[in-house]
Amino acid sequence: MIGPEGAWGAVLETMSWVGLVPGVPLLIFGWFLTLRACKWIATTAEVFEAGGFQGFRWSDGDGRQYSILHEPSEVPIMDVGAQVALYYDQCHRSRWSLTRPRRTNAAILIGSILTAIGLLSIVAGFALMGF
């Protein structure tokens, strides 16, 4: 008959496999996504109006001018000529936001949790063998 140490050992070994096998590839995939992600750049944009629509006009670090019109329902109505803080995607300038975008990477989060569970299970398994 297997004692409590044997049962705990089987559980810890299973948890180490369950944590490490999907956790490490998820971490690698998440880091790959992070390396490929484009930066969001903060700039100051001027509000302008054209044809009943409002838009934003800004320039990037190279001095190129960009402008984009938006639906009135997308953002609050602003005074024409007002300066606003604008964040835009460096790779896709048509993607913009008035608030700082949050970068969340679920692959890194879940991979970190699973890898930590797997590593803790391995350490606990070795500690259990020492008793």
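Residues numbered from 1 in each chain as written. Predicted model: local features only at pLDDT ≥ 70, side-chain atom pairs only at ≥ 80, totals over all residues. Heavy atoms only, no water.

1. Observations concerning the overall build of the protein
Here's step 1: The helix and strand inventory of the protein stands at two helices and five strands.
Here's step 2: Helices (α) and strands (β) of the protein occur, in sequence order from the N terminus, as α-β-β-β-β-β-α.
Here's step 3: Expressed as lengths along the three principal axes of its C-alpha atoms, the size of the protein is roughly 85 × 30 × 20 Å.
Here's step 4: The burial tally for the protein puts 26% of its 131 residues in the buried class.
Here's step 5: Excluding contacts between residues fewer than 6 apart, the proportion of contacts in the protein whose partners are at least 24 apart in sequence is 60%. (Helix = DSSP H or I, 4+ residues; strand = E, 2+ residues; numbered from the N terminus. Buried < 20%, exposed > 50% of the residue type's maximum accessible area, 1.4 Å probe, protein only. Contact = heavy atoms within 4.5 Å.)

2. With respect to the state of the cysteines
Here's step 1: In total, this model carries one disulfide according to the counting rule given.
Here's step 2: Cysteine 38 shares a disulfide with cysteine 91; S-S distance 1.8 Å. In this structure the cystine formed by cysteine 38 and cysteine 91 twists about its S-S bond by roughly -95°; its chirality is therefore left-handed. Linking cysteine 38 in the loop between helix H1 (4-36) and strand E1 (40-50) with cysteine 91 in the loop between strand E4 (83-89) and strand E5 (96-97), this pair joins segments that are 53 residues apart in sequence.
Here's step 3: Of the residues examined, cysteine 91 reaches a relative accessible area of 46% and is grouped as partly exposed. (Disulfide = S-S within 2.5 Å.)

3. Looking at the confidence of the model for the protein
When pLDDT is low, close inspection of the predicted coordinates is not appropriate.
Here's step 1: Averaged over every residue, the pLDDT of the protein is 85; the share at 70 or more is 95%.
Here's step 2: Confidence, read as mean pLDDT per element, is least for E5 in the protein (81) and greatest for helix H2 (residues 106-130) (91). (pLDDT = per-residue confidence, 0-100.)

4. What to know about the pairing of E1
Here's step 1: As judged from the seven bridges shared by E1 and E4, these two strands associate in the antiparallel manner. Bridge pairing links alanine 42 to tyrosine 87 in E4.
Here's step 2: Note that E1 and strand E2 (residues 53-59) share five bridges and pair antiparallel. Residue alanine 50 lies in a different strand from E2, and its bridge partner there is phenylalanine 53.
Here's step 3: Linkage of E1 to E2, two consecutive antiparallel strands, is achieved through a turn of two residues, within which glycine 51 is found at a positive phi near 65°. (Pairing = 2+ DSSP bridges.)

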